[in-house]
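# Summary of the model geometry
Each chain, written out:
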Amino acid sequence: MEATIYLYFQIISLTLAIFFYTKTRDKMLKYFIPFLLLTVIVELLGIWFSYKSIKNYWLYNIFTSIEFIFYSFLFYLHFRRPVFRKIALGFIPFLILCDVINLAFIQGTRYFHTYTFLLGSFFIVVFCCFFLYESILPEHINQHLSKQPFFWICIGLLIFYLGSVIINALFEYLRTNDLQQEGKKIYGIINHTLNVLLYSSFSVSFFLCRNNRKTYSSPS
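Residues numbered from 1 in each chain as written. Predicted model: local features only at pLDDT ≥ 70, side-chain atom pairs only at ≥ 80, totals over all residues. Heavy atoms only, no water.

### With respect to the overall build of the protein
Scanning the protein from N- to C-terminus turns up seven helices and zero strands. Helices (α) and strands (β) of the protein occur, in sequence order from the N terminus, as α-α-α-α-α-α-α. Out of the 220 residues belonging to the protein, those deemed buried represent 46%. If you take every contact in the protein between residues at least 6 apart in sequence, the share linking residues at least 24 apart comes to 73%. Roughly 11800 Å² of accessible area belongs to the protein as shown, and the carbon and sulfur atoms make up 69% of that amount. (Helix = DSSP H or I, 4+ residues; strand = E, 2+ residues; numbered from the N terminus. Buried < 20%, exposed > 50% of the residue type's maximum accessible area, 1.4 Å probe, protein only. Contact = heavy atoms within 4.5 Å. Areas by Shrake-Rupley, 256 points an atom, 1.4 Å probe, with all protein chains shown as cover.)

### Details of a nonpolar patch on the surface
Residues L97, I101, F105, I106 and Y115 make up a contiguous nonpolar surface patch of roughly 580 Å² in combined accessible area. Top element by residues in the nonpolar patch is helix α4 (residues 82–106). It accounts for four residues. Its location among the elements puts I101 in helix α4. Judged by its relative accessible area of 36%, I101 falls in the partly exposed class. (Patch = residues over 30% accessible without salt bridge, like charges linked within 9 Å, V, L, I, M, F, W, Y side chains within 5 Å. Salt bridge = Lys/Arg side-chain N within 4 Å of Asp/Glu carboxyl O.)

### Quick word on unusual backbone geometry
Non-glycine residue R25 carries a positive phi angle of around 60 degrees. One can find R25 in the loop between α1 (5–24) and α2 (27–51). Phi at S53 is positive, roughly 60 degrees, even though this residue is not glycine. On the secondary structure map, S53 appears in the loop between α2 and α3 (57–78). Exposure remark for S53: the relative accessible area of 69% places this residue in the exposed category.

### Points about the nonpolar core
F32, Y71, F75, L157 and F202 are the most contacted members of the largest nonpolar core, which totals 51 residues. Within the residue set of this core, elements represented by two or more residues are α1, α2, α3, α4, α5 (114–135), α6 (149–176) and α7 (180–208). Excluding its chain neighbours within four sequence positions, the residues that come into contact with F75 are I124, F127, C128, F131, F150, C154 and L157. (Core = buried A, V, L, I, M, F, W, Y, C linked by side-chain atoms within 4.5 Å.)

### Topic: the packing of aromatic side chains
Evaluation of the coordinates by the stated rule reveals 39 aromatic pairs. An angle of 50 degrees between the planes, with centres 6.2 Å apart, marks the rings of F117 and Y161 as tilted. Placement of F117 in helix α5 and of Y161 in helix α6 is noted, with a sequence separation of 44 residues between them. As far as burial versus exposure is concerned, F117 and Y161 are alike and both buried. It is R85 that lies over the ring of Y76; its NZ or CZ is 4.2 Å from the centre. Directly above the aromatic system of F207 lies the positively charged group of R210, at a separation of 3.8 Å from the ring centroid. (Phe/Tyr/Trp six-rings, centres within 6.5 Å; stacked < 30°, edge-to-face > 60°. Lys NZ or Arg CZ within 6 Å of the ring centre and 35° of its normal.)

As structure tokens, this is what we get:
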């Protein structure tokens with residue numbers, strides 16, 4: 001897979017978010033537009049740093065933390081049960097604290113913050129399960145999940161972060177068994193594929209927003 005093909009999918013999802021927001025004024029799209037714009041800028045900077053042989057771990061350490069905070073906030077808006085909303089909201093300061101401790105005292109800024117990334121990935125997967133659980137409750141079972149915009153966001157995040165945990169574990173195995181070069185190739189292919197799937201699911205969600213003016217739940 002072309003090394004930067006996922007960037008095109010990010011740009012497409014950003015374009016769709018802007019286009020459908022001008023048509024619907026959907027609040028979820030309002031949140032996604034600055035986030036996706038930041039995503040594209042970070043990816044372009046990351047590619048430029050790589051081209052110049054400049055280490056860019058610090059850039060992705062910051063951005064992936066912002067990702068986890070953003071997605072947790074979205075789940076907070078969409079959860080119906082107060083306990084789920086409290087967990088999603090409480091995770092944000094907890095993640096920031098863990099990130100600061102990890103970068104300051106454990107892994108530092110010269111390496112990718114794998115510990116807090118795995119922590120964030122775990123919680124996002126849990127939040128996805130929470131949302132899917134709420135969606136199959138008897139009072140909501142009559143709603144078509146495939147027509148709900150946030151369902152596609154949730155599925156994309158679930159696949160992406162489950163896959164990310166697996167490939168990070170796989171890369172560590174390959175690295176410790178003197179297969180680092182092959183590991184980088186495998187990691188790159190799978191990671192780019194996961195990104196394509198993630199931003200494709202975002203695009204589907206944005207397309208569905210044209211018929212769904214409200215895509216999040218009111219506080220209980």
